[in-house]
Amino acid sequence: MIRKLAKILSIWVAMLCLAGSEPGPAIGTGQGSVDAFASGSGLSFIRPAGAASRIKDIASLQAGRDNQLIGYGLVVGLQGTGDGLRNSPFTEQSLRAMLQNLGISTEGGASRVNNVAAVIVTANLPPFASLGSRIDVTVSSLGDATSLRGGTLVMTSMSGADGQIYAVAQGSVIVSAINAQGDAATLQQGTATAGRLPGGAIIEREIPAKFKQVDGLVYQLRNPDFTTAVGMADVINAFSEARYGTAIAEARDSTSVAVRKPPRADLARLTAELEGLVVETDTPARVVVNERTGTIVIGNDVRVSKVAVSHGTLTVQINETPTVVQPLPFSDGVTAVEPLTDITAGVDGGQVAIIDGPDLRTLVAGLNSIGVTPDGIIAILQGIKSAGALHAELVLQ
């Protein structure tokens, strides 16, 4: 009996060890591991390929897109930081037109105000927006105003691409930037000539939407990829076969996935059920380089063939130490300055390292072993790409 229990116990322990040794993320968690391995070089990891994400996070409905609105208006109540009417004649024309619409005659008088600024008003009209709901508005100076802080946007109509008015904006402008100027110093933080009006526009016209009258849905991937599109269609079909007994999804291309509405199914409820499904996403191997900021982002699937890399920086240092030369006594000479220049040149680095990137961690460790700055690593990556050893797309920003 004891031997039999010991044998069962050993089998159970072996099964636990095998189960614990299987790699891979937990299904349904939607979390991808992000690993940092920079060592001061500016290199970073992005989310690994095969990360689980919900459909609502990787795709959007074709029928549920935003619409852009634009308008022209005036911001009043500024503390002497408005447009100069001589330099911005359109501001004076707009001010006169507004006053005339309010029944105030301005003929024959010259305006000398400096507390008014002409602005462009922009906003995004969300899908399925209803009458009376509010949206956020952004205002940007059009003239030579120095700050919009403390101003109030006068009633401004906002139109769409078809010329129809869809919203009306009005309210106090919120500016988070600081702009202070004195006789001998100037302090500026952020942009004071742009601001926001949270909930500053009221929707006056609805965009015709017939969501429940269509026979299906079209999802558009935010990052086009054939593998992700096909995987998304397979996940939707597996759910629909279990729920409705039929397949309803088809991947049209790398961007769009079409979903057919099953009979006797409510489209809104079907959309809510589908957007929570978890899909294994995939991305192409890509290296993104921003030369302005020295930022390097390397994708998880980037591979590098074995290659030897040497990087050295030529440093030239110039020192100016001029000396003063005095003339001899009782002579007609004058005091003069004799220039003395010392130029030295040297090479930093220059060591040779072998880089072989079968996985992301090995690749980053090989680049960091050279001990160069991010600018140097950018040059190395460009050289590896030119040599044909970088098996990824190199994106320069």
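Residues numbered from 1 in each chain as written. Predicted model: local features only at pLDDT ≥ 70, side-chain atom pairs only at ≥ 80, totals over all residues. Heavy atoms only, no water.

## What to know about the sheet that holds strand β4 (residues 67–76)
At step 1: Strand order in the closed barrel made by the 6 strands is β4-β5-β6-β11-β8-β7, with antiparallel pairing throughout. Pairwise comparison of adjacent strand axes, ignoring direction, gives a mean angle of 30° for this sheet.
At step 2: Across 3 bridges, the pairing between strand β8 (residues 165–172) and strand β11 (residues 194–203) is antiparallel. Residue pairing for β11: A167 is matched across the bridge by I203. (Pairing = 2+ DSSP bridges. Helix = DSSP H or I, 4+ residues; strand = E, 2+ residues; numbered from the N terminus. Axes fitted to C-alpha atoms, helices over the stretch in contact; angles between N-to-C directions.)

## So, the side chain of S256
At step 1: Position of S256 relative to the elements: it lies in strand β14 (residues 256–260).
At step 2: If we skip the residues at most four places from it in the chain, S256 touches V218, Y219, Q220 and A251. (Contact = heavy atoms within 4.5 Å.)

## As for the sheet that holds strand β13 (residues 249–251)
At step 1: With respect to topology, 4 strands assemble into an open sheet ordered β3-β12-β14-β13, the strand pairing being antiparallel. Every interior strand has two partners, whereas the edge strands, β3 (59–61) and β13, have only one. Direction aside, neighbouring strands of the sheet carry axes that sit 25° apart on average.
At step 2: Sheet topology note: the β13/β14 ladder contains 3 bridges and is antiparallel. Within β14, the residue paired with E250 across the bridge is A258.

## Structural notes on the nonpolar core
At step 1: Among the nonpolar cores identified, the biggest contains 26 residues, and V121, V137, V139, L153 and M158 are the most heavily contacted of them.
At step 2: If you list the elements that add at least two residues to this core, you get β4, β5 (116–125), β6 (134–141), β7 (152–159), β8 and β11.
At step 3: The element contributing the most residues to this core is β5, with 5 residues.
At step 4: Every residue in contact with V137, bar those within four places of it in the chain, is listed here: V121, T122, A123, M158, A169, G195, R196, L197, G200 and A201.
At step 5: With 21 residues, the next largest nonpolar core counts Y219, L221, A229 and V259 among its residues. (Core = buried A, V, L, I, M, F, W, Y, C linked by side-chain atoms within 4.5 Å. Buried < 20%, exposed > 50% of the residue type's maximum accessible area, 1.4 Å probe, protein only.)

## Details of the confidence of the model for the protein chain
At step 1: This prediction gives the protein chain a mean pLDDT of 78; 77% of its residues lie at or above 70.
At step 2: For residues 1–42, every residue scores under 50 in pLDDT, and the model assigns this stretch 27 contacts once sequence neighbours within four places are set aside.
At step 3: Predicted confidence for residues 44–49 stays below pLDDT 50, and this span has 27 contacts to residues more than four positions away or in other chains. (pLDDT = per-residue confidence, 0-100.)

## Concerning the environment of A118
At step 1: In this structure, A118 sits in strand β5.
At step 2: Along the primary structure A118 and L74 are separated by 44 residues, whereas in three dimensions their C-alpha atoms are 4.7 Å apart.
At step 3: Setting aside anything within four residues of it in sequence, one finds A118 in contact with Y72, G73, L74, D83, F90, T91, S140, S141, L142 and G143.

## Thoughts on unusual backbone geometry
At step 1: With a phi close to 60°, F128 is a non-glycine residue in the positive phi region.
At step 2: Even without being a glycine, R264 presents a positive backbone phi close to 60°.
At step 3: Mapped onto the secondary structure, R264 falls in the loop between β14 and α5 (267–274).
At step 4: Residue class for R264 comes out exposed when judged on its relative accessible area of 84%.

## A closer look at the pairing of β14
Looking along a regular strand, one sees side chains alternate from face to face of the sheet.
At step 1: Among the 5 residues that make up β14, 4 are buried, leaving the element largely enclosed by the rest of the structure.
At step 2: Looking at chain direction, strand β12 (residues 216–221) and β14 are connected through 5 bridges and run antiparallel. Paired with Y219 across the two strands is V257, which belongs to β14.
At step 3: Hairpin connection, β13 to β14: the antiparallel pair is bridged by 4 residues.

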